[in-house]
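# Summary of structural features
Spelled out from the first residue to the last, the chains are:
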Amino acid sequence: MTPADDRPEEFRPPTALESAVRALGADTVRYLVEYIMLPMRDGIRLATVVFRPRAAGRYPTLLVRSPYAAAIPDRSKPMHTAQFKKNYVLIMQNERGSEWSEGDFGILTTTTADGQDTLDWINAQEWSNGKVGLYGCSSTAENQLKLGAIGHPALRACVPMSSGAGVGDIPGAEGSNGCFFRGGVPMIKGWALWHGPFGVRQRPKLPVGADGDELARIFRQYSVTVPDFSSPEYAEALDKATMQAPSGGILRRMGWPLTGYETFMADGPASPAWKVVDLINASHTGATPSININGWLDVGAYETVKLFEFQQHHPDQYLIMAPTEHCRMLVTGPEARLGQRPMGDTRFPYDEIIISWFDRFLRDEADAWRPMPKVQVFLMGAGTWLTGESWPLPETETRTLFLAGHKPANTLWGDGRLVPAAGGAGTDEFIADPHNPVQSLGGDLATHDPICVDQRVIECRADVLVYSTPVLTEPTAIVGDVSAELYVSADVEDADIFVKLVDVYPDGTAYNLADGCLRLRYRDGFEQPAKLVPGEIHRIRIGGITTANYFPAGHRIRIEIAGSNFPLADRNWHAGDRNDLATDGPIAHLTLHHGQGHASALHFRAYTGEITINAPMSDTRSGGRPVDPARRHA
């Protein structure tokens, strides 16, 4: 046994991270912990914690890079327990400018170069077997995307979960800029919420004159605390600051130092500031073996699907889409809910898959890996999984529903219809009042509110157009991308259009599935914004929507169209280019044209294969009944 005086951990109280790691099997007899300020190529040192076996040997490494304080999430415990039994090395590193890592912070700035330098260092250690895997959710996933595409001799496997903010201009996702924008509209609430605690450019730093050992001691003993963005106090302050204008000053009103939020808000989706952000784009044509895991109502669901589409021709690329919100994929149950909506049995062998994935690539245990379909997606509403070897699934076809109605489509009591063929020409009018915007309900990060919510309170507003199919007599499954082709005119120089896809239950309960939007100045592209000509009709396309949802007979397919979705999305003041500085502006009067000559339509991919129905438990609000699991639909 190692003498106690060779194990200084015996003489100091463990940190929360050390206690968590020990409880998972990396006890002080078998494992040692090192706190290292690891130098990068430009001399900047990154705070790095290494848990590695004491015994001599060469071991596989799991690397987690993050802007957050190092911690072991509950959902990761089974994987770490299994890996510590097999003598994995665990390394947790803070991105530059976060926690005690040196340098100024910028979201995903120099992340790829720093990741490469860290992999070089790991590869050179006598305890490394030269095989490293990357793992993590949200920011720890975004770190993996560009690095995985560029590749590194030591990087053998990745598992990005709830990614999307690391995705740039790849086919089908142009202009997203890491989910900061949707159709050129800034997603202000989620990004203000994130940048406040985590996006501050300059933070307290370790003393410059301390040597390596002293730096390690200080780094271990203290932490850089940031506000808990899940606390009610933070939520209340953010809500107050967000409701006021201008939108570019939300965080400054809350007293925050400068963050990237202000820069991105000022310059828009074509800002040169995005050039220094390490987003994967179409020029990055390689791929490391990866399991891409996300949830259908996650903020990055669309970007994750598009990234898999872009990389799926490479070996060992997998996609798993769950019925969950941000970073909740691994939380499953026999009677799960997604926000307010019942999902049924969502259990799935994530732990088994991820553990065997890393054993396969980092320990060369080919027998540990059980082959699985390249694509596995949960079909909401049917409580079942669809599988395939490519995306879009081959058993899908593009279908179209046209917007129609003889009377106004305003509110859920209007005459807005989705029909299989374009009818006679017609128009529907609605307003967008920046002083009374359509409020957000569900969606985004669901930090303080349910992500899936009955939308009828929104559909009661006169400034919301509602288009629905008749009650379905045959089931329909939408599996894949959804887009809206709309013909619109306005009496202002700029305006926004939002489209929300909704599943309407027999009793009228209307659950949100996904949404997209477009700031009309960008109708011809983000590089060439153009003012609207009042009264001129423009054909626009709104995309960025993807889902997998089963609409049984008795349900209806619905879309909502509005001029705002505040505070998740920035409201448009219809007053000029610097919307982030605006505090007032006119009410926009918008007209949606439909029917012959201006056939506004909803396009989607319908699933044509066989579906096994394992319906979620009946919800008293849905009016539905459990469906016989033996029932099948072709």
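A few points on the structure. (Residues numbered from 1 in each chain as written. Predicted model: local features only at pLDDT ≥ 70, side-chain atom pairs only at ≥ 80, totals over all residues. Heavy atoms only, no water.)

Tracing the backbone through its elements, the reader meets P269 in the loop between α9 (260-267) and β9 (290-295). Residues P269 and G544, spaced 275 residues apart in sequence, show a C-alpha to C-alpha distance of 15 Å. Dropping the residues within four chain positions of it, P269 is found in contact with G175, N177, F181, G184, W274, Y522 and F526. (Helix = DSSP H or I, 4+ residues; strand = E, 2+ residues; numbered from the N terminus. Contact = heavy atoms within 4.5 Å.)

Here the focus is the nonpolar core. Judged by nonpolar contacts, the single largest core of 69 residues is most densely connected at W391, L486, I497 and I561. Sorting elements by how many residues they give to this core places strand β19 (residues 476-490) first, with 8 residues. Each residue touching I497, except ones within four places of it in the same chain, is listed here: F430, L486, V488, G516, C517, L518, L520, I540, I542, I561, A562 and L590. Judged by nonpolar contacts, the second largest core, of 51 residues, contains L90, M329, I355 and F358. (Core = buried A, V, L, I, M, F, W, Y, C linked by side-chain atoms within 4.5 Å. Buried < 20%, exposed > 50% of the residue type's maximum accessible area, 1.4 Å probe, protein only.)

The full count for this structure, using the stated rule, is 26 aromatic pairs. Between the aromatic rings of Y135 and F358, the centroid separation amounts to 6.3 Å while the plane-to-plane angle is 75 degrees, which identifies the pairing as edge-to-face. Residue Y135 is found in strand β5 (residues 128-137), and its partner F358 is found in helix α11 (residues 350-362); the two are separated by 223 residues along the sequence. A single burial state applies to Y135 and to F358, both of which are buried. Measuring from ring centre to ring centre gives 4.7 Å for W357 and F361, while their planes differ by 65 degrees; the resulting arrangement is edge-to-face. With W357 and F361 both in helix α11 and 4 residues apart, this pair spans about one turn of that helix. (Phe/Tyr/Trp six-rings, centres within 6.5 Å; stacked < 30°, edge-to-face > 60°.)

Our focus in this paragraph is the sheet that holds strand β1 (residues 31-39). Ordered in space as β1-β2-β4-β3-β5-β6-β9-β10-β13-β14, the 10 strands form an open sheet in which the pairing is mixed. Two strands bound the open sheet, and with one partner strand each, they are β1 and β14 (384-388). Taking the axes of each pair of neighbouring strands and ignoring which way they run, one obtains an average angle of 15 degrees across the sheet. Packed on one face of the sheet, helix α4 (residues 139-150) meets β3 (59-66), β5 and β6 (155-161) and runs near 130 degrees to β5. Lying on the sheet, helix α10 (residues 301-311) is in contact with β9, β10 (317-322) and β13 (375-379); it crosses β10 at an angle near 160 degrees. (Pairing = 2+ DSSP bridges. Axes fitted to C-alpha atoms, helices over the stretch in contact; angles between N-to-C directions.)

A word on the state of the cysteines. Here, disulfide denotes a covalent bond that connects the sulfur atoms of two cysteines. Under the defined criterion, the tally for this structure stands at 1 disulfide. Across a sulfur-sulfur distance of 2.0 Å, C137 and C327 are joined as a disulfide pair. For the disulfide bridge between C137 and C327, the dihedral angle about the S-S bond is near -115 degrees, and by the sign convention the bridge is left-handed. Of this pair, C137 sits in strand β5 while C327 sits in the loop between β10 and β11 (336-338), and the two are 190 residues apart along the sequence. There is no split in this pair, since C137 and C327 are both buried. Not engaged in a disulfide, the cysteine C179 finds its nearest cysteine sulfur in C517; these two sulfurs lie 12 Å apart. (Disulfide = S-S within 2.5 Å.)

The angle between the axes and the distance between the axes are what describe a pair of packed helices. Look at helix α2 (residues 77-85) against α11: their axes get within 9 Å of each other, and the N-to-C directions meet at 35 degrees. Like other packed secondary-structure pairs, α2 and α11 cross with a definite hand, here right-handed. On the side of α2, the interface is formed by P78, M79, A82 and Q83, while α11 contributes D351, I354, I355 and F358. (Left-handed = near helix turned anticlockwise from the far one by under 90°.)

Taken across its 7 residues, strand β23 (residues 556-562) has 6 buried, putting it largely inside the fold. As defined by bridge partners, strand β18 (residues 465-468) adjoins β23 across 4 bridges and the pair is classed as antiparallel. Counterpart to S468 in the pairing with β23 is R558. When strand β20 (residues 496-504) meets β23, the two strands line up antiparallel, connected through 7 bridges. By the bridge assignment for β23, V504 is matched with R556.

Our next topic: the side chain of T509. As for its placement among the helices and strands, T509 is situated in the loop between β20 and β21 (510-519). Here T509 falls in the buried class, since its relative accessible area comes to 2%. Polar contacts involving the side chain of T509 include one to the side chain of R456, which spans 3.4 Å. Side-chain polar atoms of T509 contact the side chain of D507, separated by 2.8 Å. (Polar contact = N/O pair within 3.5 Å; in protein donor to acceptor, adjacent residues only side chain to side chain.)

Summed over all chains, the structure comprises 33 salt bridges. Between R182 and E303 there is a salt bridge, with its nearest N and O atoms 2.4 Å apart. Placement of R182 in strand β7 (residues 181-182) and of E303 in helix α10 is noted, with a sequence separation of 121 residues between them. By the burial criterion, R182 is buried, and E303 matches it. A salt bridge links K500 to E560, with the nearest nitrogen and oxygen atoms 3.3 Å apart. With K500 in strand β20 and E560 in strand β23, this pair connects stretches of sequence that are 60 residues apart. (Salt bridge = Lys/Arg side-chain N within 4 Å of Asp/Glu carboxyl O.)

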